[in-house]
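# Structural overview for review
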Amino acid sequence: MGSSRGVTTTLIFSPLATTFLVTIGLLLCQSNAQLTSTFYATTCPNVSGIVSTVIQQALQSDARIGASLIRLHFHDCFVQGCDGSILLTDNSTTNIQSEQNAAPNVNSARGFGVVDNIKTAVENACPGVVSCADILALAAEASVSLSGGPSWSVPLGRRDSRSANQGGANASIPAPFDNLSNLTSKFSAVGLNTNDLVALSGAHTFGRAQCRTFVNRLYNFTASGPDPTLSSSYVTTLQQTCPQNGNGAALANLDPTTPDAFDNNYFSNLQGNQGLLQSDQELFSANGAPVALVNAFSANQTAFFQSFAQSMINMGNISPLTGSSGEIRRDCKIIN
Ligand code: HEM
Ligand SMILES: [Ca+2]
Ligand SMILES: [Ca+2]
């Protein structure tokens, strides 16, 4: 029971004990390797500038490329974590069955050539240092900020996988036909919550979708016709783009109001029954927690931008390879 000698001893040794514990804590942190935005501060200080410059150039000839690049980061992170696995191409020698040929990606995921251009530019400045997984995270941030959306400092230090998981891509990446309960469980399976689901779906403020991903809503969705949660004037417009038995690869803007700008119009579109994909409109038309978030983000773009940046960081933290796991790929398409 607290003798005066005991108290004195504690006071004398506590600064030492604190230093000791902090040191142990830092060591544990390093071996447990959290991502950090200063990871390349000495080894490749301009990496985010290099990534941004290549994307700016690509945007000159392809207004859609930013949207395509952020989607690559999403589809990477949902399959065995943010480890660049989506970038590996089919290879019988290394036994890679690519995620690029999984249903959510095949004839759909794009931007791989720009990723290669970024990797080349980064390798020229800092050879052998920056992972392909980090390039995807940096490209996602640059794409959003160059399109008028928020900026954030990207946690870095991911390493690249030596494997891909095609089956995992088929199972884990949400489908445009998913209802709210399926969307929620696919996000929750990777540690993301309803806030993340709604905020991140706001990425559909830019980019395109092929008719095959939503044409089922335009004609015989129910016995009496189109999806009742789709505005009838929007149905008429979309039917021009996607005639029945027409070209399933024809494109529509995910955001009919500001197709290339990163803003909060996605959420006002949902309020007006103009969510292009069933998975979009579910967030407003199904009963549940997302409805209030859609209303909040529609009313306040700053609130959306803040949540979006935080949720991008949350998504970017899904099971990274750190420390001595994985590798720094020389070529993003193939393991070393
Ligand atoms: C919530 C579940 C989601 C579903 C079901 C979904 C589904 C889709 C589908 C079907 C497309 C069109 C693909 C095509 O037609 O080729 C698409 C495009 C897109 N998605 Fe998602 N998505 C979801 C979440 C996200 C998230 C979390 C992000 C990023 C943070 C994102 C970013 C994009 C972008 C930017 C595009 C346009 C890509 C381009 O123009 O190349 N999506 N999404
Ligand atoms: Ca991955
Ligand atoms: Ca927009």
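Residues numbered from 1 in each chain as written. Chains lettered and ligands numbered in written order. Predicted model: local features only at pLDDT ≥ 70, side-chain atom pairs only at ≥ 80, totals over all residues. Heavy atoms only, no water.

- The name an unreviewed UniProt entry gives the protein is Peroxidase, with Linum tenue as the organism.
- Per UniProt, the protein carries the Subcellular location (unreviewed entry) text "Secreted".
- Listed under Function (unreviewed entry) in UniProt, the entry text for the protein is "Removal of H(2)O(2), oxidation of toxic reductants, biosynthesis and degradation of lignin, suberization, auxin catabolism, response to environmental stresses such as wounding, pathogen attack and oxidative stress. These functions might be dependent on each isozyme/isoform in each plant tissue." (UniProt positions renumbered as here; feature names shortened; annotations may be inferred.)

## A word on the overall build of the protein
- Check the secondary structure of the protein and you find 13 helices and two strands.
- Each principal axis of the C-alpha atoms in the protein carries an extent, and together these give about 85 × 55 × 35 Å.
- Looking at the protein residue by residue over its 336 residues, the buried ones come to 47%.
- The contacts in the protein between residues at least 6 apart in sequence include a share of 74% that link residues at least 24 apart.
- Counting 15 positive and 20 negative side-chain charges, the protein places the averaged centre of each group 5 Å from the other. (Helix = DSSP H or I, 4+ residues; strand = E, 2+ residues; numbered from the N terminus. Buried < 20%, exposed > 50% of the residue type's maximum accessible area, 1.4 Å probe, protein only. Contact = heavy atoms within 4.5 Å. Lys, Arg positive; Asp, Glu negative; His and termini not counted. Charge placed at Lys NZ, Arg CZ, Asp CG, Glu CD.)

## Some words on the coordination of the iron atom of ligand 1
- Just one protein ligand coordinates the iron atom of ligand 1, and it is His-204 (NE2) at 2.1 Å.
- With respect to the helices and strands, the residue His-204 is situated in the loop between α8 (194-201) and β1 (208-210). (Donors = N, O, S within 2.8 Å, 3.2 Å for Na, K, Ca; no water.)

## Things to note about the UniProt feature "site: Transition state stabilizer" (unreviewed entry) in the protein
- The UniProt entry lists Arg-71 under the feature "site: Transition state stabilizer" (unreviewed entry), expressed in the numbering used here.
- Within the element layout of this structure, Arg-71 appears in helix α3 (residues 65-77).
- The exposure class assigned to Arg-71 is partly exposed, which follows from its relative accessible area of 32%.
- Residues in contact with Arg-71, not counting those within four places in the same chain, are Pro-104, Ser-108 and Ala-109.

## Some points on helix α7 (residues 180-188)
- Within the span of α7, buried status applies to Leu-180, Leu-183 and Phe-187. Each buried residue of α7 lies within a common arc of 65° when the element is viewed along its axis, so the set occupies one face.
- In this fold, the buried residues of α7 make contact with α8, α11 (278-285) and α12 (290-299). (Arc of directions from axis to C-beta.)

## As for the side chain of Asp-178
- Along the chain, Asp-178 turns up in the loop between α6 (166-172) and α7.
- For Asp-178, a relative accessible area of 9% corresponds to the buried category.
- For Asp-178, the side chain forms a polar contact with the main-chain nitrogen of Ala-175, separated by 2.9 Å.
- Within the structure, Asp-178 has its side chain in polar contact with the side chain of Lys-186 (distance 2.9 Å).
- Leaving out residues up to four positions away in the same chain, Asp-178 has contacts with Leu-183, Lys-186, Ser-279 and Glu-282. (Polar contact = N/O pair within 3.5 Å; in protein donor to acceptor, adjacent residues only side chain to side chain.)

## A short note on the coordination of the calcium ion (ligand 3)
- Coordination of the calcium ion (ligand 3) by the protein is provided by Thr-205 (O), Thr-205 (OG1), Asp-255 (OD), Thr-258 (O), Thr-258 (OG1), Ala-261 (O) and Asp-263 (OD), with metal-donor distances spanning 2.4 to 2.6 Å.
- In the primary structure, the donors to the calcium ion (ligand 3) are separated according to the pattern T-x49-D-x2-T-x2-A-x1-D.
- The exposure class assigned to Thr-258 is partly exposed, which follows from its relative accessible area of 23%.

## As for the packing of α3 against helix α4 (residues 112-125)
- Here α3 crosses α4 at 80°, and the two axes come no closer than 10 Å. Taken together, the axes of α3 and α4 are roughly perpendicular relative to one another. Contacts between α3 and α4 involve Ile-65, Leu-69 and Leu-72 on the former and, on the latter, Phe-112, Val-114 and Val-115.
- The class makeup of the residues in the contact of α3 with α4 is six nonpolar, no polar and no charged. (Axes fitted to C-alpha atoms, helices over the stretch in contact; angles between N-to-C directions. Parallel < 35°, antiparallel > 145°, perpendicular 65-115°, else oblique. Nonpolar A, V, L, I, M, F, W, Y, C, P; charged D, E, K, R; others polar.)

## Some details on the side chain of Asp-134
- Relative to the helices and strands, Asp-134 resides in helix α5 (residues 132-146).
- Judged by its relative accessible area of 0%, Asp-134 falls in the buried class.
- A polar atom in the side chain of Asp-134 sits 2.8 Å from the backbone nitrogen of Gly-157.
- If we ignore the near neighbours within four places in the chain, the residues touching Asp-134 are Tyr-40, Leu-156, Gly-157 and Arg-158.

## Here's the deal with the pattern of salt bridges
- With the rule as written, the count across this model stands at nine salt bridges.
- With a shortest N-O distance of 2.7 Å, Asp-134 and Arg-158 are connected by a salt bridge. A residue pair is termed long-range when its members are at least 10 positions apart, and Asp-134 in helix α5 and Arg-158 in the loop between α5 and α6 qualify at 24 residues. Each of the two residues, Asp-134 as well as Arg-158, counts as buried.
- For Lys-333, the salt bridge is made with Asp-331, and the minimal N-O distance between the two is 3.1 Å. (Salt bridge = Lys/Arg side-chain N within 4 Å of Asp/Glu carboxyl O.)

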